[in-house]
Amino acid sequence: MAALVAVLLLLACGAVSGCGGRATTHHKPGTTHEEASGGVGTLLEARDGTGHRLREVPAQGAPEVRLTARPDSEDGWNLHLALTNFRFTPDSAGGGALPGAGHAHLELDGRKLARVYGPWFHLPAAQVPQGPHTLTVRLYADDHTAWAVAGKAIEAAVPLAAPPAGGEHSHPADTPSATGTPSTTGAPEVDRTVTLAVRDGKVHPAPDRTELKRGESVALRVTSDRADTLHVHGYDKELALPAGQEATLVLTADRTGLFEVETHASGLLLTQLVVR
């Protein structure tokens, strides 16, 4: 009887928050992450420009964000997110919504460039076409709902003007950012390189498995005929894929398992990383 009581207590602890673990990434069959994230704020039917539902919270104590973009001396811009009542929680991505926590999305003219998990982000010039643009950053909960106040997503935007090719700040970047950048001439050495191309909705060569040992690094070099976003599941790494340009994401395989690499817009499987 004592053993049965202990098992029941353990199960009860796992079913509620506050038992020392982070929000679970699992939910009931037939529900989405958005519907299974608990009672934080109010889940609205309204959605942001990228299709994510809004999660409204009271204005008092709500997260705030300010965005500044400063030209980098060698390439592109250095972006800074000044945050209030908000913290980044990369380890809880995909779990339930936690008050004042989550990640940010970076968008250029409404097109997603990257998911951001820190206050600084380097935006390479190669990801910004010539001409005037609007750069937007929006705050999201771990369940990928957009934090909102009074029915509007919590976000900040700044104008951004890319100079003509060959002008100031057009030099290639020396190192990739945390979420990956287009390929560069100064790329670091890696253990494996996987080169892929997406044309007319198909992956070339056909999707296969890439075997890695834990601790090894891999460079994913991808060229897509349409603008898209690469996503490495399990590592929550993303990379913007400009149309017709090769982009490279360098990843260190620091956890074991099978991880799918796919595109967001087209939903194509590019490869599977098998880390042993």
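Model, not experiment: these values are computed from the prediction.

Reading across the sheet, the five strands line up as S16-S22-S21-S18-S19 and stay open at both edges, with mixed pairing between neighbours. The open sheet is flanked by strand S16 (209-212) and strand S19 (237-241), the only strands paired with a single partner. Neighbouring strand axes in the sheet, compared pairwise and without regard to direction, differ in orientation by 15° on average. Inspection of the sheet shows S16 paired to strand S22 (residues 269-275) by four bridges, in the parallel sense.

Burial of strand S7 (residues 111-116) is extensive: five of the six residues sit out of reach of the surface. Pairing between strand S6 (residues 101-108) and S7: five bridges, direction antiparallel. Looking across to S7, one finds that Ala104 is bridged to Val116. Counting the residues between successive antiparallel strands, the hairpin from S6 to S7 contains two residues, one of them, Asp109, with a positive phi of roughly 55°.

Moving on: the pattern of salt bridges. For the structure shown, the criterion picks out ten salt bridges. With its nearest N and O atoms 3.1 Å apart, the salt bridge here joins Glu211 to Arg276. Remark: Arg276 occurs in the segment after S22 and Glu211 occurs in strand S16; sequence separation between them is 65 residues. On the accessibility criterion, Arg276 (61% relative accessible area) is exposed. Note that Arg221 is salt-bridged to Glu246, the shortest N-O span being 2.9 Å. Of this pair, Arg221 sits in strand S17 (residues 217-224) while Glu246 sits in strand S20 (residues 246-252), and the two are 25 residues apart along the sequence. Judged by its relative accessible area of 33%, Arg221 is partly exposed. Bridged by salt links that share partners, the residues Asp48, Glu107, Arg138 and Glu155 form one connected network.

Cut-off values and rules
- Residues numbered from 1 in each chain as written.
- Predicted model: local features only at pLDDT ≥ 70, side-chain atom pairs only at ≥ 80, totals over all residues.
- Heavy atoms only, no water.
- Pairing = 2+ DSSP bridges.
- Helix = DSSP H or I, 4+ residues; strand = E, 2+ residues; numbered from the N terminus.
- Axes fitted to C-alpha atoms, helices over the stretch in contact; angles between N-to-C directions.
- Buried < 20%, exposed > 50% of the residue type's maximum accessible area, 1.4 Å probe, protein only.
- Salt bridge = Lys/Arg side-chain N within 4 Å of Asp/Glu carboxyl O.

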